[in-house]
Amino acid sequence: MRHKKSVFQIGEEEEYSDSKNPNFKIKITFPNDYDTIQKDVFSKMNPQQKKSNQKSLICCSSSEALLATKSVALKLLKLSHVKLFWIKTPSRVVILLCLPSVYLFSFSSDHHKSLYLYMFFLIAVSIFLLSLLNLPSIRLFVARNLPILKLFYNSNPRTPVVWAIGSVSRPEETAVSGFLVKVYSNGDVYEGEFYKGRCSGSGVYYYNMNGRYEGDWVDQKYDGYGVETWAKGSRYRGQYRQGLRHGFGVYRFYVGDMYAGGWIKGQCHGYGVHTCVDGSKYFGEFKGGLKHGLGHYHFRNGDIYAGEYFADKMHGFGVYNFANGHRYEGGWHEGKRQGFGMYTFRNGETQSGHWEDGVLSINPHYPMSVSHAKVLKAVEEARRIAEKAAATMNVDEKVNRAMAAANRAANAARVAAVKAVQSRVHHYDHQTLVIV
């Protein structure tokens, strides 16, 4: 294809050509007395004009330079020996980023200001290009043409936190079933039954230096009956649901305390018995791990309280029998005698009235007759509550059944663990799952 000659002219012609492309020529003509005119003009300038003229790198006017720059740029794009799209992508990017500098230098005679503008332009373009790297199409283009920029988007994304036992299973393990041994990246080991790559059935789970669980599993969580033992010596036997203690069971603390009774979502809830190593004992209602409702408490010094509890403290109506023979019957508030009540000494003498913060007080607002009537009513209510608290629901039978079922589940889990180990010995390459 023949290219048309591109010529722009100022004054008389003086031709400049390119050896590689003879079709590209630039003709510039200077007047014969160009040097004389230039010296004359320069001599008539004031000092400020001379200073600005020395700093200027452009001799022609802005409009002429702009036209010349555009012509040169178009000519470069049409050169037959320079096919822009045959150049590698990094080179094209460099050329496109350098072209605006020509226009910036053409419009301003202050080259420092032009340099700052060009730097600002480069920064803005860089930010824009980096923002485009998040688009899928741009990422594909960069991956094919600019491998060095893969560092901006090929970094591993932050994995979501998964609250599960051990490690997250790999996708290829989702179809594995049978008796298997699985080693997790955190050091835990599971031996037992699997279904579709998840712990289901009977099995034993060994925590890394922390204890073990033996019992029933459903979809990677404790569910059913089991026995859980911790490294310090604590132990639980009973029911589970969705990985938490739920139902009836017995928890023995490593310090010697023991709780036997109901559980809901991992906390003592319902009727239960809490026995401490110091000899104290409470049997009654729990809520959210605290004594709450009707209860009967035997203190280690021999005192006995039967009545209402609220948030682990005596609250409501109840009867308190001291070990020395004294007795209080009436109202309570956050562990202290509060409201109407009667205190009976062991010799039969009594003190009754309105109590505040554990101390008997005289309330002028109540006449003697009204106060005595309210005291008797409070005493009757306290005795009724105490009898009801002493006859709280007996949970021994339900707890014993839960413990027996937990023991059976633990034995079945041990048998499944043995089968899993045997499968590992006979089919080591196929039956062992190791998560690294």
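Residues numbered from 1 in each chain as written. Predicted model: local features only at pLDDT ≥ 70, side-chain atom pairs only at ≥ 80, totals over all residues. Heavy atoms only, no water.

Caption draft 1: Broad picture of the overall build of the chain. Helices and strands together make up the secondary structure of the chain, namely nine helices and 20 strands. As presented, the chain carries roughly 28200 Å² of accessible surface, and 58% of it is formed by carbon and sulfur atoms. (Helix = DSSP H or I, 4+ residues; strand = E, 2+ residues; numbered from the N terminus. Areas by Shrake-Rupley, 256 points an atom, 1.4 Å probe, with all protein chains shown as cover.)

Caption draft 2: How the structure looks around the nonpolar core. Core analysis: the largest hydrophobic core is formed by 26 residues, its most contacted members being Y190 and W217. Counting seven residues, the second largest nonpolar core, distinct from the first, contains L294, A306, V319 and A382. (Core = buried A, V, L, I, M, F, W, Y, C linked by side-chain atoms within 4.5 Å. Buried < 20%, exposed > 50% of the residue type's maximum accessible area, 1.4 Å probe, protein only.)

Caption draft 3: Representation of the environment of N411 within the structure. Locating N411 in the fold gives a position in helix α8 (residues 396-426). With 209 residues separating them along the chain, N411 and S202 place their C-alpha atoms 9.1 Å apart.

Caption draft 4: Focus on the pattern of salt bridges. Counted under the stated rule, the structure contains nine salt bridges. The salt bridge involving E329 is made with R383; its shortest N-O contact spans 2.6 Å. You can see E329 sitting in strand β16 (residues 327-333) and its partner R383 sitting in helix α7 (residues 368-390), a full 54 residues away along the chain. Residue class for E329 comes out buried when judged on its relative accessible area of 3%. (Salt bridge = Lys/Arg side-chain N within 4 Å of Asp/Glu carboxyl O.)

Caption draft 5: Spatial organisation of the environment of F283. Turning to its location among the elements, F283 is positioned in strand β12 (residues 281-287). Separated by 10 residues in the primary sequence, F283 and V273 place their C-alpha atoms 4.2 Å from one another.

Caption draft 6: Structural context of the side chain of R337. With respect to the helices and strands, R337 occurs in strand β17 (residues 336-344). Look at R337: it is buried, it has no salt bridge, and the nearest opposite charge is D303 at 9.0 Å. Excluding its chain neighbours within four sequence positions, the residues that come into contact with R337 are F322, Y328, G331, W332, Y343, W355, E356, D357 and G358. (Lys, Arg positive; Asp, Glu negative; His and termini not counted. Contact = heavy atoms within 4.5 Å.)

Caption draft 7: Examining the pairing of strand β8 (residues 235-241) more closely. With six bridges joining them, strand β7 (residues 221-230) and β8 adopt antiparallel strand pairing. The partner of Y225 across the bridge, within β8, is Q239. The hairpin turn running from β7 into β8, its antiparallel successor, is four residues long, and G233 in that turn takes a positive phi close to 120°. Alignment of β8 against strand β9 (residues 244-252), held across six bridges, turns out to be antiparallel. Each bridged residue has a counterpart across the sheet, and for R237 the counterpart in β9 is V250. (Pairing = 2+ DSSP bridges.)

Caption draft 8: Spatial organisation of a nonpolar patch on the surface. A surface patch of nonpolar side chains, amounting to about 300 Å² of accessible area, comprises F253, Y254 and V255. Position of F253 relative to the elements: it lies in the loop between β9 and β10 (258-264). (Patch = residues over 30% accessible without salt bridge, like charges linked within 9 Å, V, L, I, M, F, W, Y side chains within 5 Å.)

Caption draft 9: Spotlight on the pairing of strand β18 (residues 350-356). In this sheet, β18 lies alongside β17 in antiparallel orientation, the contact comprising six bridges. Its bridge partner being in β18, T344 is matched across the sheet by T350. Linking two consecutive strands that pair antiparallel, namely β17 and β18, is a turn of five residues; a positive phi of about 100° is found at G348 within it. Between β18 and strand β19 (residues 359-361), which pair antiparallel and follow one another directly, the connecting turn spans two residues, one of which, D357, has a positive phi of 55°.

Caption draft 10: Here's a closer look at the packing of aromatic side chains. A full pass over the atoms with the stated rule returns 32 aromatic pairs. When the centroid spacing of 5.8 Å and the interplanar angle of 40° are considered together, the rings of Y184 and Y205 count as tilted. Of this pair, Y184 sits in the loop between β3 (178-183) and β4 (189-195) while Y205 is found in strand β5 (residues 198-207), placing the two residues 21 residues apart along the sequence. The pair Y184 / Y205 is uniform in exposure class, with both members buried. Note on Y343 and F345: the rings are 5.0 Å apart at their centroids and 65° apart in plane angle, and the pair reads as edge-to-face. (Phe/Tyr/Trp six-rings, centres within 6.5 Å; stacked < 30°, edge-to-face > 60°.)

Caption draft 11: Structural view of the confidence of the model for the chain. On average, residues of the chain score 75 in pLDDT, and 58% of them are at 70 or above. Contacts for the low-pLDDT stretch residues 80-89, under 50 throughout, to residues beyond four places or in other chains number 16 contacts. In this model, residues 167-172 is a region of pLDDT below 50 whose contacts with residues beyond four sequence positions or in other chains number 10 contacts. (pLDDT = per-residue confidence, 0-100.)

Caption draft 12: Structural view of unusual backbone geometry. Despite not being glycine, Q242 has its phi angle at roughly 55°, a positive value. Relative to the helices and strands, Q242 resides in the loop between β8 and β9. One non-glycine residue, E334, adopts positive backbone phi at about 50°. Considering the arrangement of structural elements, one finds E334 in the loop between β16 and β17.

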